[in-house]
Amino acid sequence: MLLKIQEILSDSAIGVLIFSIILCLIRIKRGKFLFKILLAFLILNLLTELVADYFWRRKMNNLPLLHLYTLFEFVLLSWFYKIVLRENKWIQKYFWSFIFFISVLVISNSIFLQSIYGFNSNAKTLVQLILISYAVIYIYSYSLKLEEVNEDTKAIRLINAAVLIYHSSSLFIFLFSNMFLINDIKIHKGFWVVNAGLNLIFQVLILIAIWKVVFKQTKSI
Amino acid sequence: MEGGFQTDEVYLIMAMGILTMLALSLALVLFFYKSQRRLLQEKMIAQQSELQYQEKLLYNNILTQEKERKRIAKDLHDDIGSKLNVIFLNMHRIERAAKESPPILDMVSDINQVINITIDTTRRISHDLLPPTLDNFGLIEAVKELCETYQKSDSVNVLLEVKQNDGRLVDKTTELNLFRIIQELISNSIKHGEAEQISIDLWLGSENLKLEYRDNGKGFDLAKLDDKKGLGTQNMESRVKMMGGKMNIQSSMGEGILVRVSAEV
């Protein structure tokens, strides 16, 4: 029953993701670099989901994909926030050094600390905490001053909310993910259903954000 | 069980962790949206106050302008006008005294001509600044008089039609504002529109008023109006706002102009 629910939620998330990608590809103008990065992230997301699903259906271990996905997710979303938080001088100044340093940590974790056939809970938790920090910094930066309100900023706010809600809520799931394998706790299925649900919410918020940008452009033609 | 954690403990920690983080993140997102909305509301209130202040400033300017016009018109009529009349009368005395001296008579005649022109000019300026007809007899009579003045000049044909007249408007300021609007429109039609035919329709009800102004001038591109709005047009808009009314302008190149003004009294 839980498996069925998880499948439905996962398939729905993939459907929403595909729709977002199509919308991005056919409608967002070439000039919008920020949304190109978002598109790259969404494509990465989709490819990972599809390949992981393929492996899972063939009862093959798909966890190495999570290690790769974590690294690229971190780089792409960090780049996204570098552009969004353009007024934060620390992020602008130390961005590439920070990316390099964390990437080295993530890769080192996969090579030396945690097997690629298990969950990369260390790296995943670190990346999630960093992404949560970006989202909080965005909220802090703009909660005390009025942001220029247009469809682009509304979209960025939605994407930020999506990142914050998903990564905060799923933090504990990934933090304890390896314990499921070690202790063979059956209840972990419930948590993966929760993760699938949170992922669906994440994808829906991203889709709404893209919709706002795309249809603003349509109105202005 | 290996790992030291019991099933229930892990379940509890994870569930609490998920719920706490979900609640915190939702609270943060809501806080952000609320603070942006609050800041936006504050900005709108500030902008509204600024706009009201600017409007008030503009209205005060207009009222001051009218007060000054009234004062100047009065001074022209009472002071300068009356003194010119005194000069004119004294010139008549000189004329009578210098009957036998043609050169002096000629000079007196020339001076009388200039004095007459000056008296007429002074009267006209005083009248243009604030027509006494408006104050004494009301808007319709003042507009009729205005139209007749332009008719006499032969350069333009101005037709006034009073479609509804329920009596004098109670508010003299509204009468004055509407009069000034009509003055400005006629002036623009002649100066810029090169119109030969102007028609003015007036509805003066007990609860509302309406003006419909048309000319057959060369018209203008409405899209460029906002960029090139002159002081006269801005003045008209301010006066319409002062009356609490609305103004609608329709025009296109070669098609003249149609202006509708409406307000409640």
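Residues numbered from 1 in each chain as written. Chains lettered and ligands numbered in written order. Predicted model: local features only at pLDDT ≥ 70, side-chain atom pairs only at ≥ 80, totals over all residues. Heavy atoms only, no water.

## Let's talk about the packing of aromatic side chains
- Scanning the model with the defined rule gives 17 aromatic pairs over all chains in all.
- An angle of 25 degrees between the planes, with centres 6.3 Å apart, marks the rings of A:Phe172 and A:Phe176 as stacked.
- Grouped by ring-pair contacts, the aromatic residues A:Phe33, A:Trp79, A:Phe95 and A:Trp96 constitute a single cluster.
- Looking at A:Lys124, its charged tip hangs above the ring of A:Phe174, at a distance of 4.9 Å from the centre.
- One Lys or Arg, B:Lys210, reaches over the ring of B:Trp203 and ends 4.5 Å from the middle of that ring. (Phe/Tyr/Trp six-rings, centres within 6.5 Å; stacked < 30°, edge-to-face > 60°. Lys NZ or Arg CZ within 6 Å of the ring centre and 35° of its normal.)

## Examining the interface of chain A and chain B
- Taken residue by residue, the interface counts 28 residues in chain A and 26 residues in chain B.
- Carbon and sulfur atoms supply 82% of the area buried between chain A and chain B, which totals about 2,500 Å² over both sides.
- Taken together, the links from chain A to chain B amount to 0 salt bridges.
- Counting across the interface, chain A meets chain B through 2 residue pairs in polar contact (both at pLDDT 80 or more).
- When residues of the side of chain A that touches chain B are traced back to their parent elements, those giving at least two are α5 (121-143), α6 (151-169), α7 (171-175), α8 (177-183) and α9 (188-220) of chain A. (Contact = heavy atoms within 4.5 Å. Buried area = accessible area lost by both parts, 1.4 Å probe. Salt bridge = Lys/Arg side-chain N within 4 Å of Asp/Glu carboxyl O. Polar contact = N/O pair within 3.5 Å; in protein donor to acceptor, adjacent residues only side chain to side chain. Helix = DSSP H or I, 4+ residues; strand = E, 2+ residues; numbered from the N terminus.)

## Let's talk about the pattern of salt bridges
Residue and element names in this part refer to chain B.
- Enumeration according to the criterion identifies 18 salt bridges over all chains in this entry.
- Arg 69 serves as the salt-bridge partner of Glu 66, at 3.6 Å between the closest nitrogen and oxygen. Pair noted here: Glu 66 and Arg 69 are both in helix α1 (residues 7-97), with a separation of 3 residues, about one helical turn.
- Two residues, Glu 66 and Arg 180, come together in a salt bridge whose shortest N-O distance is 3.0 Å. With Glu 66 in helix α1 and Arg 180 in helix α5 (residues 172-191), the pair connects residues that are 114 residues apart, well separated along the chain. Here Glu 66 matches Arg 180 in class, with each residue buried.
- Overlapping salt bridges, with partners in common, bring together Glu 66, Arg 69, Arg 180 and Arg 239 in one network. (Buried < 20%, exposed > 50% of the residue type's maximum accessible area, 1.4 Å probe, protein only.)

## Looking at the pairing of strand β5 (residues 257-264) of chain B
Residue and element names in this part refer to chain B.
- By the bridge criterion, 8 bridges tie strand β3 (residues 208-215) to β5 in an arrangement that is antiparallel. In the sheet register, Asn 208 faces β5, and the bridge partner there is Glu 264.
- The antiparallel hairpin formed by strand β4 (residues 246-251) and β5 contains 5 residues in its connecting segment, where Gly 254 sits at a positive phi of about 80 degrees. (Pairing = 2+ DSSP bridges.)

## Re the nonpolar core
- Judged by nonpolar contacts, the single largest core of 79 residues is most densely connected at A:Leu42, A:Tyr81, A:Tyr138, A:Ile159, A:Ile206 and A:Ile210.
- By size, the runner-up hydrophobic cluster in this structure holds 36 residues, among which are B:Ile140, B:Leu176, B:Ile181 and B:Ile198. (Core = buried A, V, L, I, M, F, W, Y, C linked by side-chain atoms within 4.5 Å.)

## Considerations on the packing of α5(A) against α6(A)
Residue and element names in this part refer to chain A.
- The N-to-C vectors of α5 and α6 enclose an angle of 140 degrees; their axes lie 9 Å apart at closest approach. One element, α5, and the other, α6, form an angle in the oblique class. Taken as a pair, α5 and α6 cross one another with a handedness that is left-handed. Taking contact as the criterion, the partners of Gln 128, Leu 131, Ile 132, Tyr 134, Ala 135, Val 136, Tyr 138 and Ile 139 in α5 are, on α6, Thr 153, Ile 156, Arg 157, Asn 160, Val 163, Leu 164, His 167 and Ser 168.
- Here the residues of the contact of α5 with α6 are counted per class, giving 10 nonpolar, 5 polar and 1 charged. (Axes fitted to C-alpha atoms, helices over the stretch in contact; angles between N-to-C directions. Parallel < 35°, antiparallel > 145°, perpendicular 65-115°, else oblique. Left-handed = near helix turned anticlockwise from the far one by under 90°. Nonpolar A, V, L, I, M, F, W, Y, C, P; charged D, E, K, R; others polar.)

## Structural notes on helix α4 (residues 89-113) of chain A
Residues and elements named next belong to chain A.
- Counted at 1.5 Å a residue, the expected span for α4 with its 25 residues is 36 Å, and the 34 Å between its end C-alpha atoms agrees.
- Along α4, the sharpest kink reaches roughly 65 degrees, centred on Phe 95.
- Those residues of α4 not exposed but buried are Ile 91, Phe 95, Ile 99, Ile 102, Ser 103, Val 106, Asn 109 and Ser 110.
- On its buried face, α4 is in contact with α3 (63-84) and α5.
- Its side-chain oxygen placed 3.1 Å from the backbone nitrogen of Trp 90, Asn 88 serves as the N-cap of α4. (Expected span 1.5 Å × (residues − 1). Bend = angle between axes of the 7 residues up to and from the residue.)

## As for unusual backbone geometry
- Despite not being glycine, A:Lys59 shows a phi value in the positive range, around 50 degrees.
- Among the structural elements, A:Lys59 can be located in the loop between α2 (33-57) and α3.
- One non-glycine residue, B:Glu194, lies in positive phi territory at about 55 degrees.

## Details of the environment of B:Glu207
Residues and elements named next belong to chain B.
- When you line up the elements, Glu 207 lands in the loop between β2 (197-204) and β3.
- By relative accessible area, which is 59% here, Glu 207 ends up exposed.
- A sequence separation of 56 residues divides Glu 207 from Ala 263, and the C-alpha atoms of the two residues are 8.8 Å apart.
- Residues contacting Glu 207, with those up to four places away along its chain left out, are Glu 264 and Val 265.

## Things to note about the environment of A:Ile43
All names here are of chain A.
- Topologically, Ile 43 is positioned in helix α2.
- On the basis of relative accessible area, Ile 43 is assigned to the partly exposed category, the value being 33%.
- Linking Ile 43 and Ser 20, residues 23 residues apart in sequence, is a C-alpha distance of 9.6 Å.

## Brief notes about the side chain of A:Asn160
Residue and element names in this part refer to chain A.
- Examined against the element boundaries, Asn 160 turns out to sit in helix α6.
- Here Ala 135 takes part through its backbone oxygen, which lies 3.4 Å from a polar atom of the side chain of Asn 160.
- Non-local contacts of Asn 160, meaning those with residues more than four positions away in its chain, are made with Tyr 81, Tyr 134, Ala 135, Tyr 138 and Ile 139.

## Concerning the pairing of β2(B)
Residues and elements named next belong to chain B.
- Pairing of strand β1 (residues 157-165) with β2, which is carried by 8 bridges, proceeds in the parallel orientation. Its bridge partner being in β2, Asn 157 is matched across the sheet by Gln 197.
- Inspection of the sheet shows β2 paired to β3 by 7 bridges, in the antiparallel sense. Counterpart to Ser 199 in the pairing with β3 is Arg 214.

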